[in-house]
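These are the residues of each chain, in order.
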Amino acid sequence: MPRSKTGKRGSGKPGSLRQEVLQLQLSTKASLKGAKNGVKGEAAASDDELTSDVLSHYSSASESTSVVEEGTGSEQVDEQTAQEETEDKLKLCIDNLTDKSAKTRLAALESLRQAFSSRVLYDFLTERRLTISDCLERSLRKGSGEEKAASATVFALLCIQLGGGDEAEEGFKMLRPPLTATLSDSSASIAARQSCARTLGMCCYVSSAEDGEDLIKSLALLESVFMSSYPNGEGVLPTPKPGSAGLHTAALQAWSLLVTICPTSRLTVLLSHHLPKLQACLQSSDVNYRIAVGETIALLVELGREIDEEFEVEDGESLCECLKSLATDGNKHRAKNDRRKQRSIFREVLHYIENEDFTEEKIRFGVENVYIDSWVRRRIYDAFKEILESGVRDHLQFNQLLRDIFGLGPPLILDAAVKGNKISRFEKHLFNSAAFKARTKQRNKVRDKRADVM
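Residues numbered from 1 in each chain as written. Predicted model: local features only at pLDDT ≥ 70, side-chain atom pairs only at ≥ 80, totals over all residues. Heavy atoms only, no water.

The name given to the chain in an unreviewed UniProt entry is Interferon-related developmental regulator 2, with Haplochromis burtoni as the source organism. Looking at the Sequence similarities (unreviewed entry) heading of the UniProt record, one finds this comment for the chain: "Belongs to the IFRD family." (UniProt positions renumbered as here; feature names shortened; annotations may be inferred.)

There is a patch of like negative charges on the surface, built from Asp308, Glu309, Glu310 and Glu312. Position of Glu312 among the secondary structure elements: in the loop between helix H14 (287-307) and helix H15 (316-327). (Patch = residues over 30% accessible without salt bridge, like charges linked within 9 Å, V, L, I, M, F, W, Y side chains within 5 Å. Areas by Shrake-Rupley, 256 points an atom, 1.4 Å probe, with all protein chains shown as cover. Salt bridge = Lys/Arg side-chain N within 4 Å of Asp/Glu carboxyl O. Lys, Arg positive; Asp, Glu negative; His and termini not counted. Charge placed at Lys NZ, Arg CZ, Asp CG, Glu CD. Helix = DSSP H or I, 4+ residues; strand = E, 2+ residues; numbered from the N terminus.)

The next thing to look at is the packing of aromatic side chains. Under the counting rule described, the total for this entry stands at 5 aromatic pairs. Taking 6.0 Å as the distance between ring centres and 65° as the angle between the ring planes, the aromatic pair formed by Phe226 and Tyr230 counts as edge-to-face. By relative accessible area, which is 7% here, Tyr230 ends up buried. An aromatic cluster is defined as three or more aromatic residues linked by ring pairs; in this entry it consists of Phe226, Tyr230 and Trp255. Directly above the aromatic system of Tyr352 lies the positively charged group of Arg305, at a separation of 5.0 Å from the ring centroid. (Phe/Tyr/Trp six-rings, centres within 6.5 Å; stacked < 30°, edge-to-face > 60°. Buried < 20%, exposed > 50% of the residue type's maximum accessible area, 1.4 Å probe, protein only. Lys NZ or Arg CZ within 6 Å of the ring centre and 35° of its normal.)

Using the criterion set out here, one finds 17 salt bridges in the structure. As a salt-bridge pair, Glu127 and Arg128 come within 3.3 Å of each other at their nearest N and O atoms. With a closest N to O distance of 3.6 Å, Arg198 and Glu386 form a salt bridge. Taken together, the residues Arg198 in helix H10 (residues 190-207) and Glu386 in helix H17 (residues 375-388) connect sequence positions 188 residues apart. Exposure remark for Arg198: the relative accessible area of 26% places this residue in the partly exposed category. Its relative accessible area of 36% is what places Glu386 among the partly exposed residues.

What follows covers the nonpolar core. If you look at the biggest cluster of nonpolar residues, it comprises 108 residues, and the most contacted ones within it are Phe384 and Leu396. Residue contributions to this core peak at 11 residues, all from H14. (Core = buried A, V, L, I, M, F, W, Y, C linked by side-chain atoms within 4.5 Å.)

What follows is the structure, given as structure tokens:
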């Protein structure tokens, strides 16, 4: 990369630098002549090598004014070598996915998870997507619960890496059957079913933008999972089974992600059916599920208001009273952190339901920002963050899929001069607002297309 040098060393002139080099060379040679046997090997170095080493040292340490220096050939070689070493390790991990040892397969899946989440590997993975998908399908069908959970997560990352094009769609069609089979299997481990729910939602969101049939099937399957938490005919919430709240949370969040790309005709049906039932689930005994329900209610109301400016929640007064209670919950039998998290989220939900006002959040990565300024945008960002974890910022910076979704345009290639010219916060806000409006219009067009399909 170009490097700006602004300081001085000695006089800063080439002649004086050469003199310093020669003086240091002579003094070094003199000291080497008097060295003992233990260092005679070093004294055998040629004058040219010594001069080269010293010049290299001064070149990196000295800083002359207004000089921009191109990256050296050795740096490029080092970068290429590191890239080759990384790819060799990934190839070994892919080979280990078919190992007889379950422990080896799990280690390989974990290594792939870390690699896929932390860097963009599109070119490498495009050539090997079928091999990887085949291995993941085998793990999903025949592996243990832990292996199924890990395989599902790696597949979600693979879809994100491939960018939602034909490659990702091809992989989704291959792995959709084992994903749905595991999610529907009540005897499968909770961890595996949770992971499959998240992956089904993400991969359908990424891969099936124009496929209404896959979208409807995925929505229906996810609904069948979390609707078991709905109140019975008498309005009583069922007693949750151990671990079921986590599964319901994962399924509801995956479902709400897919709702953001539903056509208007389908969305209207979902609003009328689910909003009243979800209000009852605000009384769930699990704090994470209560929070997921609250965020989903806010998301559905926001989508309803996009369709109809006069949209109102059925029994809105009762909903607001419930939200106020949760926003000020001080029950001592709940953990302190749970109470704090719950109050924060439900204050935001209540504020939006009553005033149609969303608390904007800024996500900074590199020299860019993403503004989370709606419940739809928050659900999408949270879904990617949950899978990519700490690597979400790297993918926002370099992954074209995420940059398209959040309206960021092509990845930026910045040198030192460009990085110094920062745009104002107001300009960034205007850009993000314009991008969000454009996405909303595009999403409505896509919904209309899907409505024709359905």
